[in-house]
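# Results of the structural survey
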Amino acid sequence: MFKQIKDLAGGEFYLIASLLIFMVFFIMVGVYLIKMNKAHIAEMSNLPINEPQTADGYEEV
Amino acid sequence: MQLEKFTYDNKIVRDFGIATIVWGIIGMLVGLLVATQLFSPSMNLGNQYTTFGRIRPLHTNAVIFAFVGNAIFMGVYYSLQRLLKARMFSNALSKIHFWGWQLIIVSAVITLPLGITSSHEYAELEWPIDIAITLIWVVFGINMFGTIIKRRERHLYVAIWFYIATFVTIAVLHIVNSFQLPISFLKSYYVFAGVQDALVQWWYGHNAVAFFLTTPYLGMMYYFLPKMANRPVYSYKLSILHFWSLIFIYIWAGPHHLLYTSLPGWAQSLGVAFSIMLIAPSWGGMINGLLTLRGAWDKVREDVTLKFMVVALTAYGMATFEGPMLSLKQINGVAHFTDWIVAHVHVGALGWNGFLTFGVLYWLIPRIYKTELFSKKLASFHFWIGTLGILFYAIPMYWAGFTQGLMWKEFTDEGLLKYANFLTTTLQIIPMHILRSIGGALYLIGAIAMTYNLAKTMLKGKLVANEAAEAMPLEKEITNEDPADKKWHRILERKPMKFMVISMIVILIGGMVEMMPTFTIESNVPTIASVKPYSPLELEGRDLYIKEGCVNCHSQTIRPFRSETERYGEYSKAGEFVYDHPFLWGSKRTGPDLHRIGGKYSNAWHYNHMLDPTSMSPGSIMPSYPWLITQKLDISMTEAKIRAMQTLGVPYRENFDAVAQAKLKEQAETIAADLKQNNIDVKSDREIIALIAYLQRMGTDIKANKTTIPSNQ
Ligand code: HEM
Ligand code: HEM
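Residues numbered from 1 in each chain as written. Chains lettered and ligands numbered in written order. Predicted model: local features only at pLDDT ≥ 70, side-chain atom pairs only at ≥ 80, totals over all residues. Heavy atoms only, no water.

Moving on to the pattern of salt bridges. Residue and element names in this part refer to chain B. Under the criterion given, the structure shown has 26 salt bridges over all chains. Two residues, K5 and E470, come together in a salt bridge whose shortest N-O distance is 2.6 Å. Taken together, the residues span a long stretch of sequence, with K5 in strand 1 (residues 4-9) and E470 in strand 4 (residues 466-471) at a distance of 465 residues. Classification of K5 as exposed rests on a relative accessible area of 69%. E470 gets classed as partly exposed once you look at its relative accessible area, which sits at 31%. Across the salt bridge formed by E540 and K641, the nearest N and O atoms sit 2.9 Å from each other. Linking E540 in helix 19 (residues 536-547) with K641 in helix 24 (residues 638-647), this pair joins segments that are 101 residues apart in sequence. Across the pair, exposure class does not vary: E540 and K641 are buried alike. Beyond isolated ion pairs, a larger network of salt bridges with shared partners links K187, E540, D543 and K641. (Salt bridge = Lys/Arg side-chain N within 4 Å of Asp/Glu carboxyl O. Helix = DSSP H or I, 4+ residues; strand = E, 2+ residues; numbered from the N terminus. Buried < 20%, exposed > 50% of the residue type's maximum accessible area, 1.4 Å probe, protein only.)

Our focus in this paragraph is the site of ligand 2. All names here are of chain B. With respect to spatial proximity, 26 residues lie near ligand 2, and among them E121, Y122, N332, H336 and H344 are the closest. Here an oxygen atom of ligand 2 and a side-chain polar atom of H336 are 2.6 Å apart. Elements that contribute at least two residues to the shell around ligand 2 include exactly helix 6 (194-229), helix 11 (304-326) and helix 13 (339-368). Tallying contributions element by element places helix 13 first for the shell around ligand 2, with six residues. For the shell around ligand 2, the per-class residue count stands at 12 nonpolar, 13 polar and one charged. (Near = heavy atom within 4 Å. Polar contact = N/O pair within 3.5 Å; in protein donor to acceptor, adjacent residues only side chain to side chain. Nonpolar A, V, L, I, M, F, W, Y, C, P; charged D, E, K, R; others polar.)

This part takes up the coordination of the iron atom of ligand 1. Residue and element names in this part refer to chain B. Protein-derived ligands of the iron atom of ligand 1 are H59 (NE2) and H346 (NE2), with the metal-ligand distances lying across 2.0 Å. Every donor counted, the six donor atoms about the iron atom of ligand 1 form angles of 87 to 179° at the centre, which fits octahedral coordination. With H59 in helix 2 (residues 52-84) and H346 in helix 13, this residue pair connects regions lying 287 residues apart in the sequence. When its relative accessible area of 14% is taken as the criterion, H346 is described as buried. (Donors = N, O, S within 2.8 Å, 3.2 Å for Na, K, Ca; no water. Tetrahedral: all angles 85-135°; square planar, octahedral: opposite > 155°, others 65-115°.)

Turning our eyes to something else, we now look at the site of ligand 1. All names here are of chain B. Every one of the 25 residues lining ligand 1 counts as a neighbour, but R56, H59, E121, H346 and A349 are closest to it. R56 is positioned with one of its side-chain polar atoms (N or O) 2.7 Å from an oxygen atom of ligand 1. Between ligand 1 and the protein, one listed contact pairs a nitrogen atom with a side-chain N or O atom of H346 at 2.8 Å. For the shell around ligand 1, the secondary-structure elements that each account for two or more residues are helix 1 (11-37), helix 2, helix 13 and helix 16 (430-460). Ranked by residues supplied to the shell around ligand 1, first place goes to helix 2 with seven residues. Among the residues making up the shell around ligand 1, the classes are represented as 16 nonpolar, five polar and four charged.

So, on to the packing of aromatic side chains. Within this structure, the stated rule accounts for 65 aromatic pairs over all chains. Between F243(B) and F499(B), the aromatic rings sit 5.9 Å apart at their centres with planes inclined by 25°, giving stacked as the arrangement. One end of the pair, F243(B), is in helix 7 (residues 236-250); the other, F499(B), is in helix 18 (residues 496-520), with 256 residues separating them in the sequence. You'll find F243(B) and F499(B) in the same group, each marked buried. Ring geometry for Y534(B) and Y694(B): centres 5.8 Å apart, planes at 65°, overall edge-to-face. Note that Y534(B) is positioned in the loop between helix 18 and helix 19 and Y694(B) in helix 26 (residues 687-697), a separation of 160 residues in sequence. Since its relative accessible area comes to 12%, Y534(B) is described here as buried. Taking relative accessible area as the criterion, Y694(B) reaches 0% and is therefore assigned buried. Pairwise contacts between aromatic rings join F22(A), F25(A), F26(A), W161(B), F162(B), Y222(B), F243(B), W244(B), F248(B), W252(B), F274(B) and F499(B) into one cluster. (Phe/Tyr/Trp six-rings, centres within 6.5 Å; stacked < 30°, edge-to-face > 60°.)

As a further point, take the coordination of the iron atom of ligand 2. Just one protein ligand coordinates the iron atom of ligand 2, and it is H344(B) (NE2) at 2.1 Å. Its place among the elements puts H344(B) in helix 13.

Residues and elements named next belong to chain B. The end-to-end C-alpha distance of helix 19 is 17 Å, a good match for the 16 Å that 12 residues give at a rise of 1.5 Å each. For helix 19, the buried fraction is high: 11 of the 12 residues fall into the buried class. Turning to helix 19, its buried residues are P536, L537, E538, L539, E540, G541, R542, D543, L544, Y545 and I546. In the segment just after helix 19, G549 is the residue with positive phi, at about 70°. (Expected span 1.5 Å × (residues − 1).)

Residue and element names in this part refer to chain B. Between helix 2 and helix 3 (residues 91-111), whose axes approach to 10 Å, the crossing angle comes to 170°. Accordingly, the angle class assigned to the pair helix 2 and helix 3 is roughly antiparallel. Across the interface between the two elements, L58, F65, A66, G69, N70, F73 and Y77 of helix 2 pack against S94, H97, W101, Q102, I105, A108 and V109 of helix 3. A class-by-class count of the residues in the contact of helix 2 with helix 3 yields nine nonpolar, five polar and no charged. (Axes fitted to C-alpha atoms, helices over the stretch in contact; angles between N-to-C directions. Parallel < 35°, antiparallel > 145°, perpendicular 65-115°, else oblique. Contact = heavy atoms within 4.5 Å.)

As a further point, take the state of the cysteines. Residues and elements named next belong to chain B. Counted according to the given criterion, the structure contains zero disulfides over all chains. Free cysteine: C550, not disulfide-bonded; nearest cysteine sulfur from C553 at 8.7 Å. The buried category is assigned to C553, whose relative accessible area is 15%. (Disulfide = S-S within 2.5 Å.)

For the rest of this paragraph, the subject is the side chain of T20(B). All names here are of chain B. Here T20 is to be found in helix 1. A relative accessible area of 0% places T20 in the buried class. In contact with T20, other than residues within four places in its own chain, are F67, N70, A71 and T357.

Residue and element names in this part refer to chain B. For the bond running from H581 to P582, omega is -5°, close enough to zero to count as cis. With respect to the secondary-structure elements, P582 resides in the loop between helix 20 (562-568) and helix 21 (603-611). Backbone geometry at Y260 places phi at a positive 65°, although glycine is not the residue there. Along the chain, Y260 turns up in the loop between helix 7 and helix 8 (265-277).

As a further point, take the domain arrangement of chain B. Residues and elements named next belong to chain B. Considered domain by domain, chain B is made up of domain 1 (296-475) and domain 2 (536-704). Here the C-alpha centroids of domain 1 and domain 2 sit 37 Å apart. At the interface, 21 residues of domain 1 touch 22 residues of domain 2. Summing the contributions of domain 1 and of domain 2, the shared interface buries around 1700 Å²; its carbon and sulfur component is 62%. Taken together, the links from domain 1 to domain 2 amount to one salt bridge. Notably, a salt bridge pairs D339 with K588, separated by 3.4 Å at the nearest N-O pair. (Domains from an automatic or database assignment. Buried area = accessible area lost by both parts, 1.4 Å probe.)

Right, let's talk about the nonpolar core for a bit. All names here are of chain B. Counting 182 residues, the largest nonpolar core has W101, M144, Y236, W244, F358 and L364 as its most contacted members. It is helix 6 that provides the largest number of residues to this core, a total of 22 residues. Per-domain counts for this core show at least three residues from each of domain 1 (296-475) and domain 2 (536-704). Counting residues in hydrophobic clusters, the runner-up holds 51 residues, among them L584, I642, F656 and Y694. (Core = buried A, V, L, I, M, F, W, Y, C linked by side-chain atoms within 4.5 Å.)

Rendered as structure tokens:
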């Protein structure tokens, strides 16, 4: 399985550079996630549910 | 501060909903017609406007851009307003968006059967329609961002990120894959040729799947699933992680459509590596969706909309598990060009897109009509017959794909191809194709039942065109900001424009790393001295090949396997395609590869074969093309075509356009004279002559120095 992404006759540079770019990006997102605050997450995930009541409240059908 | 009163626009949601249903039925009917053509050539209906080659793109365009497209707009217009606590930015823009989109679809329905096509898969529409698409897409964007700007909710929920990423990426993809040089109002050539054109096309094609069939649907999933189950999404953190990883990784994966072709090896490997990585963010989304329903499975048992959602997510999980597997070279070597890919496509299309759309329709229509669904029983019937339809579609196609893929590769003990005649492998899978169309019919019956059910629901209730709501306005200046609010993501959640720019940068990286070297470093496309531009007659023949949609059944790229070089001849080299604007490699081998067809048969063979394929290949399912023999070749644009090619860098000698007509006629006379020798009386100015000229030229430039050519059958 790994043969097809090894032995690239000079093309390794692209592969390694691309994977490194992704690693850096992924770690950035990861660090951010770890630092996220709980109350904020709860607020965000409840956004679709805590919608403003429509005038006659039939949303609850 | 005071509560503000405002209304939600439900009418536009309803309009997009009806368009979804109507185009869905039409698109699937065409799909069913196309499916029957693959086992019964008489279903081509004996005229040029309904042959498989022209109608297949009509199916794909209708289901993707009309059915799925309208469903996306329906979902976005409903959820965006509610998530932002604001009415859509402009009623006028909403209307223009709606009618503009329908007009674009109508123009596709007219032009595709007429053979007006650019040949790029999922981007077949010609340049004036491309421009219209761009304009309407911008209208959609302004309407969306306008709404975001006047919102009453500070934070943008994750669904909206998916919508923004969809908007930006589709805009970039569409524009880059539309670089065409117009020759007339309805004809153009792609600016890139051969390998480069292929790379751009599949960067587009794969990401049309990613950003039209996937990201907007994930956005809808993140809004509608919590609504339906009445509980928040399982993990908001996971949704952020999988959003950014998904859009970053997806854009690199295009080359998995070009494995073993003459695309540079390193680009193929990049495609493979990122496709395999793609399984993680895709499953992140699926798991997040399914776990949202944890503890609510009793609801799933009762609620048909949730059932549709569960199957949709499961199908998404299957398609995104299978996709990375299909990207492994060994597996792709068997699956590519076969029905296996068609099965993969429809698990995603029928399961994920179709079922999620149905779920949302069943949920949303009764709500905006302030009533209950007309019949829960009928909806339940739809669910079961639809699921059965998917199974009857997918299983036979997998079977057919494995069977044919392996038959193509099988050798006898003596080292000869076991099924040297391509047609044997076609006939073997006919029963599977019959079963598949039964599956399609079941799925369609379900959709028709839904149409009836929803129409009854609409008649029972009354549309709340403008639904009243109220919310606090947003403070303009935030005075005592929480320090946590300075974190970059919370800033992104509040600053939609910055968010859009960053997501654009993220999606540009992959495309640039793959394209720039392929376009600039010469060694990536080694030239071959003996490869020459097409003669004027061949060029006209090539345009007929495009017009008739031959590329929808025949590939023009021979992979470097013994089973292929034995069957078709020398494998295809990048340098052979440098004058191919556009490339015509194809993605499905319903018939044999044609790259080395040139010189393999006589002109008379081709004439008889096009007139009646079964006369030369008994049992063939290829449609017959009698009109090629009666219709005069249109040469009014030949000079313009030559000049256009020169502009694109094809080295015709100076002022060649002036003699192009004479050259064309001279070559046509030679072919007609040769046919005459074989007792075929046909005028030299007919379309068939040009098509034969092109077929006889194909792949011969590098054959010049070869003595024997292995059999093609
Ligand atoms: C009644 C339902 C349907 C039937 C009977 C059907 C049938 C077909 C057939 C016969 C083909 C041509 C395959 C070939 O060339 O061998 C096809 C291709 C395709 N269909 Fe469908 N289809 C249906 C629904 C859909 C839906 C709902 C979607 C999308 C949302 C869809 C998307 C596609 C795509 C993308 C292709 C091109 C596949 C490729 O190039 O590999 N189809 N369909
Ligand atoms: C992780 C996600 C996925 C990956 C890595 C992936 C990978 C692939 C691969 C390798 C092919 C075959 C290319 C070939 O040999 O011709 C393919 C074809 C295709 N896939 Fe996927 N797939 C994924 C998910 C999906 C989903 C969810 C859908 C639909 C909703 C989809 C729709 C298609 C279509 C339409 C084609 C046919 C393109 C053509 O040849 O015309 N894919 N995919």
